[in-house]
Each structure stands twice: as C-alpha cells, then as structure tokens.
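# Commentary on secondary and tertiary structure
Listed here are the chains, written in short residue letters.
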Amino acid sequence: MEQSSIKPFTFFDKKLGSVMELINISNIQLSKYINVDPSLISRFRSGQRTPKSNPKLVADLCLTLLDRVHSQNKTEELLTLIGASSDLLRDEDTLYISFQNWLCDYQSDDAEAIRNLLQTVSDFSLSEKRNLLPVSQIITDKVLCDNHAVYRGKTGMQQVVIRFLGQALSAHATELFLYSDENMDWMTTPEFQPVWISLMAACLNHGIKIKIIHNIERNVAEMTTAIECWLPLYMSGMIEPYYSRKKQGSLFSHTLFLCPGVACIASCNPINIGEQSLCEYYTDSSHLNYQKLCFEKMLENCNLLVNTQRIDSTSAIQEHLPNSGQLFENIAVKLDTSSVTVVRKDKPRIAFTFYHPLMLEAFQKYFHTSSILPS
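Numbering of residues starts from 1 in every chain and runs along the sequence as written. Given that the model is predicted, a residue must reach a pLDDT of at least 70 before its local features are reported, and side-chain atom pairs must reach 80 or more before they are shown or counted; all residues, however, enter totals for whole chains, interfaces and linings. Side-chain numbers here rest on the full set of heavy atoms in the structure, without hydrogens or water.

### Digging into the sheet that holds strand β11 (residues 340-344)
Short version of the rule: Between any two strands, pairing holds if DSSP finds at least two bridges. Runs of H or I in DSSP of at least four residues are treated as helices and runs of E of at least two as strands, each being numbered from the N terminus. Throughout, an axis means a line fitted to C-alpha atoms (over the contacting stretch in the case of helices), and angles, computed between N-to-C directions, take values from 0 to 180 degrees.
As summarised here, the arrangement of the 4 strands in space is β9-β12-β11-β10, forming an open sheet in which the pairing is antiparallel. If you trace the sheet from one side to the other, it starts and ends with β9 (306-310) and β10 (331-335), each paired once. Ignoring which end each strand starts from, the neighbouring axes of this sheet average 15° apart. In this sheet, strand β12 (residues 350-354) lies alongside β11 in antiparallel orientation, the contact comprising 4 bridges. Paired with V340 across the strands is F354, a residue of β12.

Following this line, the structure appears as structure tokens:
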C-alpha cells in the first residue's frame, strides 16, 4: 500500500489543482470519472498522497483531464499553463505524454536520458573493437537452402532472421524495411546478440540501407534508449529510423521484416503468447508486394526519429554549429525552434538532428538546468 508520506512529484498537488480549476471540475466529479473515492482526490490536492504506485491511475487521470480540456476547447490554455509549444496540438499522443510529464514531474528523468545520450555520442569510438563474427560462419549453405515456411518461438525467430539477412546479402539487396512491436528477447540473448550485430553490420558494409520503425511509446527515455542501442549502426549514416504516431494495439503484436524482391518475415501473434508465437517466411512476389504496401502505409503514420548526416571536416563542424559548452568535449549542440542537432567533432563526424517535440523539450530543459544554453 502506498505510504502517505511519499511525495515523488514536485508540486503535483498544485498542478492538479490548477488543471481542475481550468476545466472547472470538482473532486467528486473527477473521482467519478476515474472510479476512485472523492477522498483520494482531496488527498491528492492537499499533497498527502500521489498516484506514484499506480501507473494505471496516472493514465486514467491524465486522459480524463485532457478529454475535459478538449471538450471545453481549452487546449491552448492548457499549453500555456504547462509551458508547452503549440506544436503539440498536431499530435494528441505527444500532447498526452507532455502533459503527463508536466503533471507528474518526469522532467528529471528526461534530463538524465538526454545526458546519457549525449555522453554516449561523445564517447563513441571507431577504434573500439566490436568483436564481429565472420559472416561466413553464420550464413552457411544450410541456412541459405532452408525452405521452411513457418518458424515458432524464440529459436525459430533467430533462425529465420539469419536466413532473411543471409538471403539479403546473397542477393546484393539495396534496402531493408524493419518493424516489430513483439517481445525482442530473441535478439538480446548473449548467444544471439553478437550474431545479430554482426549481420546488421555486414548489411551496412555492403551498402544496404535500412528503414526501421522503432517500437517506442513516445517518451524521451525510450527514444534515447533506442538510439543508444543502435548508435554503432547509426554511425554508418545508412539507417533511417522512424517512430509511429499511433499507439500499438493491446491485443496483438506484429513483425514485418522486408527485403523487397527477395524475402519477408511476417507475424501477427496475441500478446504474451510466448514460445507458441509463429512467424511466416515469404519469397513469392505477390506476398512481397503486399508487405511492401503494408510498410509504406505504416510509414504514412510515422515521423523521422533522428536524421543522420556525415560532416566532412573540422571546419565544416565549426561552420555548422557553435560549441555547446564544456559539458561534453567531443560534441556541439544547436537548438532551433523545430529541431536540435548534435554533432560529433571527432571521427566519425556525424550530425544527428532530432525533430520530436518531446525530444526538443527535453533538450531545452536539460541545457537550461545545466546553465548552458547553446545558441
């Protein structure tokens, strides 16, 4: 049971009260909407309690308040109250996350996520050994001659991914399309992760461009974690990473790995089905054309997560961006109204440009609290 002495949110009581006053809703009315006792709302507003231990209650509370704000046409007034950009009006999911971050004071977590991301970009080294496995040891004749149509469970997913990437390399493919909102524990096992990284590196070394839709729920920590995990591959400049503006479903999860004209992995499984999961492998043109259409339709509901660009010389860096201060010696940062760009000064010289409103907000708050404001 939650202890009444715990107050994890800064001014949660005052923030909640200010929103309730904006939309003219009483403790009793709000309690009915979120199905709690009115006394709990009273304790929230007096600072005696917070919903720290109940993420569902936080979500119900934020959704209810936002619905009321929208129904009263007070969205712009809310943006003024929480100090957010009007750009959030274009994306309801982003507005929800921004509002939740403000109400529950998650900004400190965002600042830590930004600091970790900048440190990772600054510290990256090409000389660091990646311990890549020889592709010839992974992609054998047996793998390339596999003719299974169905694969099951974690082991099956590992097998089919090796076959898929092997055929992409053998066919001298030029691009891959990747999306999955399924459990990715098949990728992160100690035995398979080196295999996955080695094959992906081989694809990039062979000039295969990769479009990937990251499965993130549009919060800063998940976005920065996804970027950090893929950073060695991002340094190639061959990856276009996207995020979906739509929330994933609560009943089914999906995977779509496509190499146009070569092969496709596709699956649709009930969430939490575990080792009973099933994925199918296609090579016929009708299925490949259909899956390409599916991926293109998904991209219509996506935005670019980060744009990468190679910087040719040190002088180009100085012309491109000012120094962001002494927080990180190897990077420069520039904040604009609609983007933030991070540039590595040492090789590999890569510029990373972020457009997501929550990322912009997190960068701005990070540098503000660090007392270093890039121009």
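### Some points on the pattern of salt bridges
Just so we agree on the cut-off: Salt bridge, as used here, is a side-chain nitrogen of Lys or Arg placed within 4 Å of a carboxyl oxygen of Asp or Glu. Residue burial is assigned from relative accessible area. The probe radius is 1.4 Å, only protein chains are included, and a residue is buried under 20% of its type maximum, exposed over 50%, and partly exposed in between.
One pass over the full model with this rule turns up 3 salt bridges. Among the ionic pairs, E112 bridges to R115, the shortest N-O distance being 3.7 Å. On the criterion of helical spacing, the pair formed by E112 and R115 is a turn pair, its members being 3 residues apart in helix α7 (residues 107-123). The class of E112 is partly exposed, set by a relative accessible area of 41%. For R115, a relative accessible area of 31% gives the class partly exposed. The partner of D185 in a salt bridge is K154, and the shortest N-O contact between them spans 4.0 Å. Residue D185 is located in the loop between β2 (175-180) and α11 (193-205), and its partner K154 is located in helix α10 (residues 153-170); the two are separated by 31 residues in the primary sequence.

### Topic: the confidence of the model for the protein
Where we set the bar: In predicted models, pLDDT denotes the confidence assigned by the predictor to each residue on a 0 to 100 scale. Residue contacts follow a heavy-atom distance rule, with two residues in contact if any of their heavy atoms lie within 4.5 Å.
Mean pLDDT over the protein works out to 84, with 86% of the residues at or above the 70 mark. For residues 1-8, every residue scores under 50 in pLDDT, and the model assigns this stretch 13 contacts once sequence neighbours within four places are set aside.

### Things to note about the pairing of β12
Of all the 5 residues making up β12, 5 are buried; the element is thus mostly covered by neighbouring parts of the structure. In this sheet, β12 lies alongside β9 in antiparallel orientation, the contact comprising 5 bridges. Looking across to β12, one finds that R310 is bridged to I350. Hairpin connection of β11 to β12: 5 residues between the antiparallel strands.

### Some remarks on unusual backbone geometry
K347 connects to P348 through a cis peptide bond whose omega is -5°. Among the structural elements, P348 can be located in the loop between β11 and β12. Positive phi is not limited to glycine here, since N73 has a value of about 55°. Residue position: N73 is located in the loop between α4 (55-71) and α5 (75-82). The phi dihedral of H172 is positive, around 55°, even though this residue is not glycine. Here H172 lies in the loop between α10 and β2. Classification of H172 by relative accessible area gives exposed; the value is 67%.

### Here we look at the side chain of Q291
Its location among the elements puts Q291 in helix α13 (residues 285-299). Leaving out residues up to four positions away in the same chain, Q291 has contacts with L256, L258, C264, A266 and Y282.

### Considering the packing of aromatic side chains
The cut-off we apply is this: Whether two aromatic rings pair depends on their centres lying within 6.5 Å, for rings of Phe, Tyr and Trp, where Trp uses its six-membered ring; planes under 30 degrees apart make the pair stacked, over 60 edge-to-face, and the rest tilted.
Throughout the structure, instances matching the rule amount to 9 aromatic pairs. With a centroid separation of 6.1 Å and an interplanar angle of 25°, the aromatic rings of F99 and W102 are classed as stacked. Taken together, the positions of F99 and W102, both in helix α6 (residues 92-104) and 3 residues apart, correspond to about one turn of that helix. Using a relative accessible area of 1% as the deciding quantity, one classes F99 as buried. Clustering of aromatic rings is evident, with ring pairs tying together F164, W186, F192, W196, W230 and F257.

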